[in-house]
Amino acid sequence: MTDTRTEIHTGGTDAHPDGTAGTPTGGRDLKALAEQAGRDLEDSSPLEILAWAAATFGERFCVTSSMEDAVVAHLASRALPGVDVVFLDTGYHFEETIGTRDAVEAVMDVNLITLTPTRTVAEQDAEHGPRLHDRDPDLCCALRKVAPLQEGLTAYEAWATGLRRDESPTRANTPVVAWDEKRRKVKIAPIARWTQEDVDAYVAEHGVLTNPLLMDGYASVGCAPCTRRVEAGEDARAGRWAGRAKTECGLHG
Ligand code: SF4
């Protein structure tokens with residue numbers, strides 16, 4: 001647990017977000033390493049996958065969290081106490097999401113890092129007009145999510161996400177470990193094979209923090225202007241960019 005929050009305003013840095021130099025890559029072929037691990041770890045448990053990540057990358061490994069829940073952050077903190085947990089504050093989050101982030105930082109053994117876009121929402125409104133998310137959500141996501149994460153991950157060799165195969169058809173083939181060509185990093189999805197029931201069981205067993213909106217009809221929590229509650233029978237991500245062709249923010253494409 002840390003007593004101060006690290007705020008990273010993206011703008012270019014090669015240093016580790018906490019200011020340390022970090023571990024050099026040692027000339028490893030990360031792409032080959034990722035592809036081999038994807039095959040070797042397909043049947044491994046999330047904790048085994050994260051233990052491999054901790055041993056392989058050390059402080060050059062982080063977890064990203066949308067603060068929908070803290071399941072992957074909790075698992076990662078067991079494998080690597082004090083692990084960096086990166087949260088992307090787009091400026092459009094529900095207050096419950098910010099509250100979940102603050103609670104995670106207060107009670108879990110993680111180093112919480114908050115990334116923010118280069119421009120505030122007001123500055124973006126001045127440049128592109130208000131409610132860009134309604135008119136051009138791809139550009140809004142590119143400015144407020146994709147670009148900040150790209151920069152925020154610069155110092156890492158590997159990052160973990162909470163992607164699961166059962167969340168939507170677009171995520172059905174998510175590998176547990178893969179090469180992220182866009183960012184040239186190892187991308188780890190330790191709970192890719194878990195179902196919602198597996199997640200619920202882990203939350204219940206370990207008392208893991210979850211976003212209160214999950215108890216209020218939301219099955220997937222993103223930015224407030226682009227998230228609605230889901231109806232019975234809809235998949236978990238049906239409430240994201242509802243009524244639009246868009247299904248992903250571009251972080252995982
Ligand atoms: Fe903008 Fe909506 Fe994307 Fe958030 S989810 S960055 S508000 S378009």
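For clarity, every value in this text was computed on a predicted model and none was experimentally measured.

Student: Can you help me understand the overall build of the chain in this one?
Tutor: When helices and strands are counted, the chain shows eight helices and seven strands. Of all 253 residues assigned to the chain, the portion counted as buried reaches 48%. Counted over contacts in the chain with a minimum sequence separation of 6, partners at least 24 positions apart contribute 72%. Working note: accessible area of the chain is about 11500 Å², and carbon and sulfur atoms make up 52% of it.

Student: Just to check I follow, could you spell out the packing of aromatic side chains for this structure?
Tutor: The geometry of two aromatic rings is summed up by the distance between their centres and the angle between their planes. Counted under the stated rule, the structure contains three aromatic pairs. Taking the centre distance of 5.5 Å and the plane angle of 90° together, the rings of Trp52 and Phe57 count as edge-to-face. Consider the rings of Phe94 and Tyr218, whose centres lie 5.5 Å apart with planes at 65°: the pair is edge-to-face. One end of the pair, Phe94, is in the loop between strand 3 (83-88) and helix 4 (95-107); the other, Tyr218, is in the segment after helix 8 (196-206), and 124 residues separate them in sequence. You'll find Phe94 and Tyr218 in the same group, each marked buried.

Student: What's the story with the pattern of salt bridges in this structure? I'm lost.
Tutor: For side chains bearing opposite charge, pairing can occur when the charged atoms are close. Under the counting rule described, the total for this entry stands at 11 salt bridges. Of the charged contacts in the structure, one is a salt bridge between Arg183 and Asp180, with a shortest N-O distance of 3.1 Å. Its relative accessible area of 6% is what places Asp180 among the buried residues. Connected through shared salt-bridge partners, Glu42, Arg165 and Arg193 make up one network.

Student: Explain the site of the ligand to me, please; I cannot follow it from the model alone.
Tutor: Close to the ligand lie 10 residues; Tyr92, Cys140, Cys141, Cys223 and Cys226 are nearest. Take the shell around the ligand: its biggest share by element is five residues, from helix 7 (residues 137-152). Class assignment for the residues of the shell around the ligand results in seven nonpolar, one polar and two charged.

Student: What's the story with helix 3 (residues 71-79) in this structure? I'm lost.
Tutor: Counting along an α-helix, one turn takes 3.6 residues, and residues three or four places apart therefore face a common direction. Most of helix 3 is tucked away, with seven of its nine residues classed as buried. Among all positions in helix 3, only Val71, Val72, Ala73, His74, Leu75, Ala76 and Ser77 are buried. Tucked inside the fold, the buried residues of helix 3 contact helix 2 (46-57), strand 2 (61-65), strand 3, strand 4 (110-116) and helix 8.

Student: Would you explain the nonpolar core in this entry?
Tutor: If you look at the biggest cluster of nonpolar residues, it comprises 40 residues, and the most contacted ones within it are Phe61, Val177, Val186 and Ile188. Counting residues per element, this core draws most heavily on helix 3, which supplies five residues. Dropping the residues within four chain positions of it, Ile188 is found in contact with Ile49, Trp52, Ala53, Phe57, Phe61, Ala158, Trp159, Ala160, Thr161, Val176 and Val177. Val86, Leu149, Leu153 and Leu251 belong to the second-largest nonpolar core, a separate cluster that totals 11 residues.

Basis of the calculations
- Residues numbered from 1 in each chain as written.
- Predicted model: local features only at pLDDT ≥ 70, side-chain atom pairs only at ≥ 80, totals over all residues.
- Heavy atoms only, no water.
- Helix = DSSP H or I, 4+ residues; strand = E, 2+ residues; numbered from the N terminus.
- Buried < 20%, exposed > 50% of the residue type's maximum accessible area, 1.4 Å probe, protein only.
- Contact = heavy atoms within 4.5 Å.
- Areas by Shrake-Rupley, 256 points an atom, 1.4 Å probe, with all protein chains shown as cover.
- Phe/Tyr/Trp six-rings, centres within 6.5 Å; stacked < 30°, edge-to-face > 60°.
- Salt bridge = Lys/Arg side-chain N within 4 Å of Asp/Glu carboxyl O.
- Near = heavy atom within 4 Å.
- Nonpolar A, V, L, I, M, F, W, Y, C, P; charged D, E, K, R; others polar.
- Core = buried A, V, L, I, M, F, W, Y, C linked by side-chain atoms within 4.5 Å.

Note that every value here comes from positions in space, so none of it alone points to a role or purpose.
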